[in-house]
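Residue strings, one per chain:
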Amino acid sequence: MASMQQFQLSLHLRDLDIHRGGQVVAENVSFDALPGEALVLRGPNGSGKTSILRVIAGFSSSGIGSIEFQQGEAIADPGEVRAHAIHWIGGGDGLADRLTVNQCVAFWAGLYGTSPSPNLLVQVGLASGSDQFVGELSLGQRRRLAMTRLFLTRRALWLLDEPLGGLDHSAKALMLKLIATHRQEGGLVLMASHEEGLPHAKTLHLSNEAQI
């Protein structure tokens, strides 16, 4: 199991403008997120929650402002952080519909250079559908499958876009337990959500001058 010393990544945003489709969707976004902390992004649809996560992940660019990652006291290379220290789980779940559940897990394990535990699909509640094609899964099952990435390799920063959407009570409880354990190990969580906030988490309410 990871130790508190394993994860020492922090994230600092300063006066960031978030653009989507040529329009500014959030302005002056500033916050600090430290090891073991969670930040919940809240706001109506179109307020920039997902766009902020995408900019942090490097999937899209911002306007003005800055994003800085720190590993301990040292400034971290953004490319290295994005390649090796981030888990992204979102609506665009990156699942290949023509693969089976087993094949999907095997692909991710190969990508991460790890071996899945024999009971991984049992843990996420997909054991009975291991040979089912991903394209046949329900939304909740797809979310459970995406969750397996959190078990396959440990990464410091979790960017979660509506991670509880489509999950039943047991799957939500599992996701919340994973988040709590990750934070106890010094991990960092940023989550866009319409659900109730996480225990002991910061909340960023998006507006034209979003700061916490």
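Residues numbered from 1 in each chain as written. Predicted model: local features only at pLDDT ≥ 70, side-chain atom pairs only at ≥ 80, totals over all residues. Heavy atoms only, no water.

Caption draft 1: Expanded view of unusual backbone geometry. Positive phi is not limited to glycine here, since asparagine 28 has a value of about 55 degrees. Assignment of secondary structure puts asparagine 28 in strand S2 (residues 23-33). Overall, the relative accessible area of 24% leaves asparagine 28 in the partly exposed class. Phi angles above zero are rare outside glycine, and histidine 200 is one such case at about 60 degrees. Among the secondary structure elements, histidine 200 is positioned in the loop between strand S8 (188-192) and strand S9 (202-205). The class for histidine 200 is exposed, based on a relative accessible area of 77%. (Helix = DSSP H or I, 4+ residues; strand = E, 2+ residues; numbered from the N terminus. Buried < 20%, exposed > 50% of the residue type's maximum accessible area, 1.4 Å probe, protein only.)

Caption draft 2: Broad picture of the sheet that holds strand S6 (residues 86-89). The parallel open sheet is built from five strands, whose spatial order is S6-S7-S8-S3-S9. With partners counted over all chains shown, the strands left at the sheet margins are S6 and S9, one partner each. The sheet shows a mean angle of 15 degrees between the axes of neighbouring strands, direction not considered. The pairing of S6 with strand S7 (residues 157-161) spans four bridges and is parallel. Bridge pairing in S7 links isoleucine 89 to leucine 160. Here helix H5 (residues 139-152) sits on the sheet in contact with S6 and S7, set at roughly 175 degrees to S6. (Pairing = 2+ DSSP bridges. Axes fitted to C-alpha atoms, helices over the stretch in contact; angles between N-to-C directions. Contact = heavy atoms within 4.5 Å.)

Caption draft 3: Here's a closer look at the confidence of the model for the protein chain. Averaged over every residue, the pLDDT of the protein chain is 89; the share at 70 or more is 93%. Counting contacts from residues 1-5, a segment whose pLDDT is below 50, to residues more than four positions away or on other chains yields nine contacts. Contacts for the low-pLDDT stretch residues 208-212, under 50 throughout, to residues beyond four places or in other chains number 19 contacts. (pLDDT = per-residue confidence, 0-100.)

Caption draft 4: Quick look at H5. Helix length check: H5 (14 residues) gives 21 Å between terminal C-alpha atoms against 20 Å at 1.5 Å per residue, within 8%. Buried residues of H5: Gly140, Arg142, Arg143, Arg144, Leu145, Ala146, Met147, Thr148, Arg149, Leu150 and Leu152, and no others. The inward-facing, buried residues of H5 contact S6, helix H3 (101-112), helix H4 (120-123), S7 and helix H6 (169-184). (Expected span 1.5 Å × (residues − 1).)

Caption draft 5: Focus on the sheet that holds strand S5 (residues 74-75). Spatial strand order, S2-S1-S4-S5: four strands in an open sheet with antiparallel pairing. With partners counted over all chains shown, the strands left at the sheet margins are S2 and S5, one partner each.

Caption draft 6: Region of interest: the environment of arginine 14. For arginine 14, the location among the structural elements is in strand S1 (residues 9-20). Owing to a relative accessible area of 36%, arginine 14 belongs among the partly exposed residues under this scheme. Ignoring any residue separated from it by four or fewer positions in sequence, one finds arginine 14 in contact with Val29, Ser30, Phe31, Asp32, Gly65 and Ser66. Of note is the side chain of arginine 14, whose polar atom sits 3.5 Å from the backbone oxygen of phenylalanine 31. (Polar contact = N/O pair within 3.5 Å; in protein donor to acceptor, adjacent residues only side chain to side chain.)

Caption draft 7: Quick peek at the pairing of S7. Among the five residues in S7, five count as buried, and that is most of the element. What you see with S7 is no split at all: Leu157, Leu159 and Asp161 on one side and Trp158 and Leu160 on the other are buried throughout. Looking at chain direction, S7 and S8 are connected through five bridges and run parallel. By the bridge assignment for S8, aspartate 161 is matched with alanine 192. The handedness of the S7 to S8 crossover, carried by H6, is right-handed. (Right-handed = clockwise from strand over helix to strand, strands pointing away.)

Caption draft 8: Structural context of the side chain of serine 193. Position of serine 193 relative to the elements: it lies in the loop between S8 and S9. Here serine 193 falls in the buried class, since its relative accessible area comes to 2%. Contact partners of serine 193, with chain neighbours within four places excluded, come to Val40, Leu41, Arg42 and Glu162.

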